[in-house]
Amino acid sequence: MDIEIKMPALSDTMKSGQITKWYVEEGQYVEKGACLCDVAVDKMSFEVYSDYEGIISKIVCPAGTTVEPGDVIAIIAHSEEVKSSSTQKEIKQEYGYKEYDLVVIGAGPGGYVAAIKAAKKGAKVALFEKDKLGGTCLNRGCIPTKAYARIAEVYDILNRAFEFGFDIKINSFDYTQVVKRKDGIVGELVEGINALLKANGVDVFNAEAKVDKEKNVLFGENKIKAKNIIIATGSSPAELPIEGINSKNVMNSDTILEMTSLPQSLCIIGGGVIGMEFAFIMNQFGVKVSVVEMMPNILPTLDKKISSSIKFAAQKRGIKIYTSSTVERIDEEEGGGSIVTIKSGENIKRIYADKVFVSIGRKLNTDIGPIAELLEFEGKAIKIDEHMKTNIEGVYAIGDVTGKMMLAHVASAQGEVAVDNIFGESSTLDYMKIPAAVFTEPEIGYFGYTEEEARNKFQDVKVGRFNFEHNGRAKTYGETEGFAKVISNEKGEVVGAWVVGSGASELIHILSTACQEGVDAEALKKVVYAHPTRSETIMEAVKDIFGESIHKV
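Here's a quick rundown of the structure.

**Some words on the side chain of E540**
Moving on, step 1. By the element assignment, E540 lies in helix α13 (residues 536–545).
Moving on, step 2. K543 is the oppositely charged side chain nearest to the buried, salt-bridge-free E540, at an N-O distance of 5.9 Å.
Moving on, step 3. Leaving out residues up to four positions away in the same chain, E540 has contacts with F466, S549, I550 and H551.

Next up, the structure:
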């Protein structure tokens, strides 16, 4: 049976494009998911993949042809007999002899960065990804949620336009456009990563890879060898033993991004980072939001004053918070929604919601084949040393599977450290000085110890604080919620910094960058900041450690 391969619409605005390169030839066998050709659309390069396996019987549109969505570009002869044993043998021979300097398994923010860095150092690199380039962060995490957060931010500003002298009425809110914008941003960034990998000569395999005990990399019926291997397989949403967790209205952090319409009400199970980010986003989109958290505080791993500040901001916006509460069950309601039964002490409460978002925990993707039996683990995480090395020579691990800090930029940094050490350098990371951000409203930026942790760990702790309400630029922005807090120890080292307020995710880098380079509080006190800027809250907080803040009473 012949199957027509048609040109897909590669962007929302695509009217036509030009095929610039074919990766297959007539008579060649291709697997489902194989890259067929490159197409240039509006100065961007896209790849077209095969949805079928079979033999390319004809290339209808050679390189240089201008095509439109729907045009037939190739024909595949497809049948159950096509993938014969002889073909399989040829494929094995094609890949079986290859040996790479480095094989990276997983193309998330850790894996693809490691692959590109190693290629820039002259290594022959193979990168395996069974899903999409960019991993969870780009496709189902950091980027799509921040695209939503930006829309929510704009929506909030429009609703407050009267504060700035504008008389604006919002007549409608088109959630389909929000989703379309998010998908467009993700698509462009995925293509950008693909272009970078291609430009640096990285061989990308769209396949699931496993590793045997002899450190051979296996995919399908194929096998390749590598001098070094980096495991960067990430994590996925954890499955919880809650009755009704698999009912139709329940979503996780992957599937909530697939919604094409907004519910009227949403119950979020888990008041951690992801849960609270979505709580603010959906609330600003007009959804009635409830959050259930089993710990006494939302954002339980963060500084308590930060947690309290965000709880106050959430409740002021109408988000209902239920702390010290556990979910007993989730029942489907006849009217179409769900009833979430929660328990706090001896009290039972039932919450109705059109949709339920479960945002509790991640499971580490450590099922990487027989080699897992030889690897050492710390709990459920792959054990690594400060150089990202596992207990097996030539095998490294980075990102979520290491259980260190489950953040995209940490995975990227670990990837670079691993490659440095593969090339004979001695590179490490100080996790306590790496910044993190939470995109609630207002934002949070932080690194190091909480105030509570610092007081337990160090003998002489000093804390400097300055509120946004006393900052000139914050007032002009109409964003005066929040504060900056800087913590130092008896040696004068900054051991923690916490900012909650407008732009906190950017402001925290002023301190984290300096502290990563060993700058202490005494030296930071002397830094001059531009005026008027929100960064002056950092300046005043540092000076407050010494009782020298100029603008604090």
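From this point, the discussion proceeds with the structure in view.
**Describing the packing of helix α11 (residues 504–516) against α13**
Moving on, step 1. Taken N-terminus to C-terminus, the directions of α11 and α13 make an angle of 45 degrees; their axes are 10 Å apart at the nearest point. The orientation of α11 relative to α13 falls into the category oblique. Between α11 and α13 lies a crossing whose hand is right-handed. Across from L507, I510 and L511 in α11, the residues of α13 making contact are T537, I538 and V542.
Moving on, step 2. In terms of residue class, the contact of α11 with α13 is built from five nonpolar, one polar and no charged.

**Digging into helix α6 (residues 273–284)**
Moving on, step 1. Counted at 1.5 Å a residue, the expected span for α6 with its 12 residues is 16 Å, and the 17 Å between its end C-alpha atoms agrees.
Moving on, step 2. Of all 12 residues in α6, 10 are buried, a share of seventy percent or more.
Moving on, step 3. Every buried residue belonging to α6 is among G275, M276, E277, F278, A279, F280, I281, M282, N283 and Q284, and all of these are buried.
Moving on, step 4. Just past α6, the residue G286 takes up positive phi, approximately 95 degrees.

**Examining the packing of aromatic side chains**
For any pair of aromatic rings, geometry is given as the distance between the ring centres together with the angle between the planes.
Moving on, step 1. On inspection of all chains with the given rule, the structure shows 11 aromatic pairs.
Moving on, step 2. Pairwise contacts between aromatic rings join Y148, Y155, F173, Y175 and F285 into one cluster.
Moving on, step 3. The ring of F423 is capped by K121, whose NZ or CZ atom sits 5.5 Å from the centre of that ring.
Moving on, step 4. The ring of F546 has K525 sitting right over it, with the charged end atom 4.6 Å from the ring centre.

**Some details on the sheet that holds strand β23 (residues 355–358)**
Think of a sheet as strands paired side by side through backbone hydrogen bonds, with each pair either parallel or antiparallel.
Moving on, step 1. If you trace the five strands from one edge of the open sheet to the other, you get β16-β23-β17-β18-β19, paired in parallel fashion. The open sheet has two edge strands, β16 (250–251) and β19 (320–322), and neither has a second partner.
Moving on, step 2. Those strands touched by α6 are β17 (265–269), β18 (288–292), β19 and β23, and its axis lies near 165 degrees from that of β18.

**As for unusual backbone geometry**
Moving on, step 1. Cis rather than trans, the peptide bond between E441 and P442 has omega equal to 10 degrees.
Moving on, step 2. With respect to the helices, strands and loops of the structure, P442 is situated in the loop between β28 (436–438) and β29 (444–448).
Moving on, step 3. Following H531, the chain continues into P532 via a peptide bond in cis, with omega recorded as -5 degrees.
Moving on, step 4. In this structure, P532 sits in the loop between α12 (521–524) and α13.
Moving on, step 5. The backbone phi angle of K215 is positive, close to 70 degrees, even though this residue is not glycine.
Moving on, step 6. Summarising the element assignment, K215 is placed in the loop between β12 (210–211) and β13 (216–219).
Moving on, step 7. In this structure, M388 takes a positive phi of about 75 degrees despite not being glycine.
Moving on, step 8. Tracing the sequence through the fold places M388 in the loop between β26 (381–382) and β27 (395–397).

**Quick look at the sheet that holds strand β3 (residues 29–30)**
Moving on, step 1. Spatial ordering of the open sheet is given by β1-β8-β6-β3, a layout of four strands whose pairing is antiparallel. Whereas interior strands pair on both sides, the edge strands pair on one side only; in this sheet they are β1 (2–6) and β3.
Moving on, step 2. With two bridges connecting them, β3 and strand β6 (residues 54–59) associate as antiparallel partners. From the neighbouring strand, Y29 faces β6, where its bridge partner is I55.

Rules used throughout
- Residues numbered from 1 in each chain as written.
- Predicted model: local features only at pLDDT ≥ 70, side-chain atom pairs only at ≥ 80, totals over all residues.
- Heavy atoms only, no water.
- Helix = DSSP H or I, 4+ residues; strand = E, 2+ residues; numbered from the N terminus.
- Buried < 20%, exposed > 50% of the residue type's maximum accessible area, 1.4 Å probe, protein only.
- Lys, Arg positive; Asp, Glu negative; His and termini not counted.
- Salt bridge = Lys/Arg side-chain N within 4 Å of Asp/Glu carboxyl O.
- Contact = heavy atoms within 4.5 Å.
- Axes fitted to C-alpha atoms, helices over the stretch in contact; angles between N-to-C directions.
- Parallel < 35°, antiparallel > 145°, perpendicular 65-115°, else oblique.
- Left-handed = near helix turned anticlockwise from the far one by under 90°.
- Nonpolar A, V, L, I, M, F, W, Y, C, P; charged D, E, K, R; others polar.
- Expected span 1.5 Å × (residues − 1).
- Phe/Tyr/Trp six-rings, centres within 6.5 Å; stacked < 30°, edge-to-face > 60°.
- Lys NZ or Arg CZ within 6 Å of the ring centre and 35° of its normal.
- Pairing = 2+ DSSP bridges.

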